[in-house]
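# A look at the structure
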Amino acid sequence: MTPDQRVAELLATFDAPEMVVADLLCDRHPAEAVGFTVVEPDLSLVDVTYGELADRSRRFAAALVAQGVRPGDRVATLMGKSLDLVTAVLGIWRAGAVHVPLFTAFATPAIALRLAGADARLVVCDASQRGKLLPGEDLAADDVDWRVVVAGATARDVAQPDDLLLDELLDAADPAQAPVVTVDGGTEFVRLFTSGTTGTPKGVPIPVRALAAFVAYLEYGLDVREDDVYWNAADPGWAYGLYYGIAGPLAAGRRNILLQAGFSPATTWEVVQRLGVTNLAAAPTVYRSLRSSDVPVPEGLRLRRATSAGEPLNPDMVAWGERVLGAEIHDTYGQTELGMSIVNGWHDDVRQPVKAGSMGRPMPGWAAAVLRNDADEPAAPGEAGRVVIDLAGSPLMWFTGYVDAPDKTAERFSEDGRWYYTGDAGHVDEDGDYFFSSRDDDVIIMAGYRIGPFEIESVLVADDRVAEAAVVGVPDDLRGEVVEAFVVLAPGVESTPELAAELQHRVKTKLAAHLFPRTVHVVDELPKTPSGKIQRFHLRRARAAEIAAGA
Ligand code: AMP
């Protein structure tokens, strides 16, 4: 089957006029097949079959209906990776409700903003998260207009008087009472808020047809096969983890691993080795942390595929992957609004030699372009411009606009409806390979040059002593802006003036003389979104304020 035929087949399955989401994601798969392997904090394993998922999600859907939840209502989860999470999510979808994922690292204001923005009726939360939903300094009692369902062994200890307990609901519910809700491809089933890399989060309504694009990425991007041990290590509180760690695997009938413990290089290695992971998908920071940690690489890895997403992958990581993991790391690019769309695909039908630093080519079902900065016309190969999706050739495109934000939506689409503006800067070479340079907002304009921070950051982190780097433009009377770097040093490395000078020299000699950071700030950590993306605008604003104050 050609990729185009496969895309058409996926759309026929997931963009049909009448579908039942729970059928597509669960009931049509063999009941004895394992959907998830939950790795407990002590690294013991619990396999969850599609049959169990069907039963538990039927119970939860029946309970939701009994609580008055109707198709289209929003129900949020504030939960770590667990059997309870997948039960809740699938139950929400079975009831025809809209799932609002909340990342467990969110503090109360971030949670309250999303719950109010989504007008959620109900929140399912882990017992450990219950405190964040209590009225207090960050949450007025009047603003609490949702009911809470508490999950987990200690749920009873923390439940408030009006709360429901997930375990009790599941025990009491009759799976035969679960509703069967028919939807079409345009029906919203998830509402996810953008991650706030550049400012206030916006609500993205995700329609059922997006599942076609999610499965296409599992196949063409990641090459997840039936006999793979697939581990998507991302958290389902944000797009990559939800699309390709929960919804995509369910839609494809593949198994994913859900690790309950927090991230550490030692645990990551242990899971990869003990479970015999063959197909790993993770953010670049996971790979960078593995590289800079002093935990020894275990023997006997079985990795066949390694993929990175969500942030640019520093070019030197590709070869590191091949040397240490046994699989070069393929970078893939996407957004909450698109899912993954430009990829170094692993599937045999699309695989090309990887160019270090390139995020690849449009995936089957997607077309892209780089437009000039001053006009909606394709830039010449190699010329810096704006990365866009070409809607004339993108049958897998599913985003139609933000919830209640027509102005923000309008900024994303060209007036003639041809282009979707990603808001990212980059270029495409003669071969059609795409290169990311920065978010539009992170572009540094120094003496008329447009500079993307990413290349400079890559040179900095290629030095073993640097664990992470963020490069920003700060105001300068003469040049408009100048480059400054913020670096987090590898464990045990001391910050000295010599080190800063060496890093500056490194940029001059490995990249370009004018790009060296005028100041190198050594910091303990970089400001990040809860999903782990560097928020350069915080650094930029803080430095601009310091400079304005004469610091
Ligand atoms: P989000 O909407 O939070 O998923 O963030 C999407 C943004 O992350 C994109 O617009 C890019 O700026 C960045 N991004 C995601 N994947 C990549 C990648 N592979 N290379 C470079 N930037 C990426």
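Please refer to the structure higher up on the page.
Overview of the structure. (Residues numbered from 1 in each chain as written. Predicted model: local features only at pLDDT ≥ 70, side-chain atom pairs only at ≥ 80, totals over all residues. Heavy atoms only, no water.)

Looking now at the nonpolar core. Counting 101 residues, the largest nonpolar core has Trp93, Ile206 and Tyr240 as the members making the most contacts within it. Counting residues per element, this core draws most heavily on helix 8 (residues 210–221), at 10 residues. For Tyr240, the contacting residues outside a window of four places in its chain are Tyr217, Leu222, Asn232, Ala234, Gly245, Ala281, Thr307, Ala309, Thr332 and Met340. Listed in part, the 30 residues of the second largest apolar core include Val459, Val461, Phe486 and Phe516. (Core = buried A, V, L, I, M, F, W, Y, C linked by side-chain atoms within 4.5 Å. Buried < 20%, exposed > 50% of the residue type's maximum accessible area, 1.4 Å probe, protein only. Helix = DSSP H or I, 4+ residues; strand = E, 2+ residues; numbered from the N terminus. Contact = heavy atoms within 4.5 Å.)

Overall, mixed pairing links the three strands, which are arranged 2-1-11 in an open sheet. Each having just a single partner strand, strand 2 (45–49) and strand 11 (256–259) make up the two edges of the open sheet. The average angle at which neighbouring strand axes cross in this sheet is 25°, direction not considered. Taken together, the four bridges between strand 1 (residues 34–39) and strand 11 define a ladder with parallel strand orientation. Its bridge partner being in strand 11, Phe36 is matched across the sheet by Asn256. Packing of helix 3 (residues 50–66) onto the sheet brings it into contact with strand 1 and strand 2, and relative to strand 2 it is tilted by some 75°. (Pairing = 2+ DSSP bridges. Axes fitted to C-alpha atoms, helices over the stretch in contact; angles between N-to-C directions.)

Next up on the list: unusual backbone geometry. Residues other than glycine seldom take positive phi values, yet Leu43 does so here, at roughly 70°. If you trace the backbone, Leu43 turns up in the loop between strand 1 and strand 2. Judged by relative accessible area, Leu43 falls into the buried class, the value being 12%. Located in the positive-phi region is Asp119, a residue other than glycine, with phi close to 50°. By relative accessible area, Asp119 is classed as partly exposed at 47%.

Time to look at helix 1 (residues 3–14). Given a rise of 1.5 Å per residue, 12 residues ought to cover 16 Å, and the 16 Å separating the end C-alpha atoms of helix 1 matches this to within 8%. Within helix 1, the full set of buried residues consists of Arg6, Val7, Leu10, Leu11 and Phe14. One side of helix 1 carries all its buried residues, which in axial view fall inside an arc of 140°. The outward face of helix 1, more than 90 degrees from its buried face, is lined by the exposed residues Asp4 and Ala12. Summarising the contacts, the buried residues of helix 1 are in contact with helix 2 (21–27), helix 8 and helix 9 (239–252). (Expected span 1.5 Å × (residues − 1). Arc of directions from axis to C-beta.)

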